[in-house]
Amino acid sequence: WTLSSPVGSNSDGLKTDAKATNPAKEFEPIDYPAPDGVLTFDLLTNLQRSGTYHEDDQPSHLKIKPDVASVPESISLQVYAAPESRFCPAAVYEYVDEKLVINAQNCIHCKCCSIKMP
């Protein structure tokens, strides 16, 4: 099986996954069930099972480019209801008092943020 379009683009290959994301007002929130411990697991269990480890004082490898520093609070949170806080399986991205906090020590290097965010 091969991919007919580049990773991170939609099936027609004409726009990136990030460009295909619609504003949050077009959707209803999804109420997910709690982890069952059989098929789905809590965050700490998932992080431990990933085998990824970062030193507590290790510099963050996740950075927001200076020219788009206002995007998280002004666009991502306001227009798209902070999708990075939901698609990241390791909860690296969270908003505290409407300010983006990057918990780089949780990163499992899955590349979701590279695909979903511009």
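Here, every reference points to the structure presented above.
To start, this report covers the structure provided alongside it. Since the model is a prediction, treat every value here as computed from it, not as a measurement.

Calculation rules
Residues numbered from 1 in each chain as written. Predicted model: local features only at pLDDT ≥ 70, side-chain atom pairs only at ≥ 80, totals over all residues. Heavy atoms only, no water. Buried < 20%, exposed > 50% of the residue type's maximum accessible area, 1.4 Å probe, protein only. Helix = DSSP H or I, 4+ residues; strand = E, 2+ residues; numbered from the N terminus. Arc of directions from axis to C-beta. Contact = heavy atoms within 4.5 Å. Phe/Tyr/Trp six-rings, centres within 6.5 Å; stacked < 30°, edge-to-face > 60°. Lys NZ or Arg CZ within 6 Å of the ring centre and 35° of its normal.

Three- or four-residue spacings in an α-helix give side chains the same orientation, since the helix completes a turn every 3.6 residues. Within the sequence span of helix H2 (residues 71-80), burial applies to Pro72, Ser76 and Leu77. Mapping the buried residues of H2 onto a view down its axis gives an arc of 85°, with all of them on the same face. Considering only its buried residues, H2 is in contact with helix H3 (84-87), strand S1 (93-96) and strand S2 (99-102). Just downstream of H2, Ala81 is the residue with a positive phi angle, here 60°.

Taken as a whole and assessed by the stated rule, the structure comprises zero aromatic pairs. The ring centre of Phe41 lies 4.3 Å from the NZ or CZ of Arg49, which sits over that ring.

What follows covers unusual backbone geometry. The phi angle at Ala82 is positive, at roughly 55°, despite the residue not being glycine. Position of Ala82 among the secondary structure elements: in the loop between H2 and H3. A relative accessible area of 3% places Ala82 in the buried class. Although it is not a glycine, Asp97 sits at a positive phi angle of roughly 50°. You can call Asp97 exposed: its relative accessible area is 76%.

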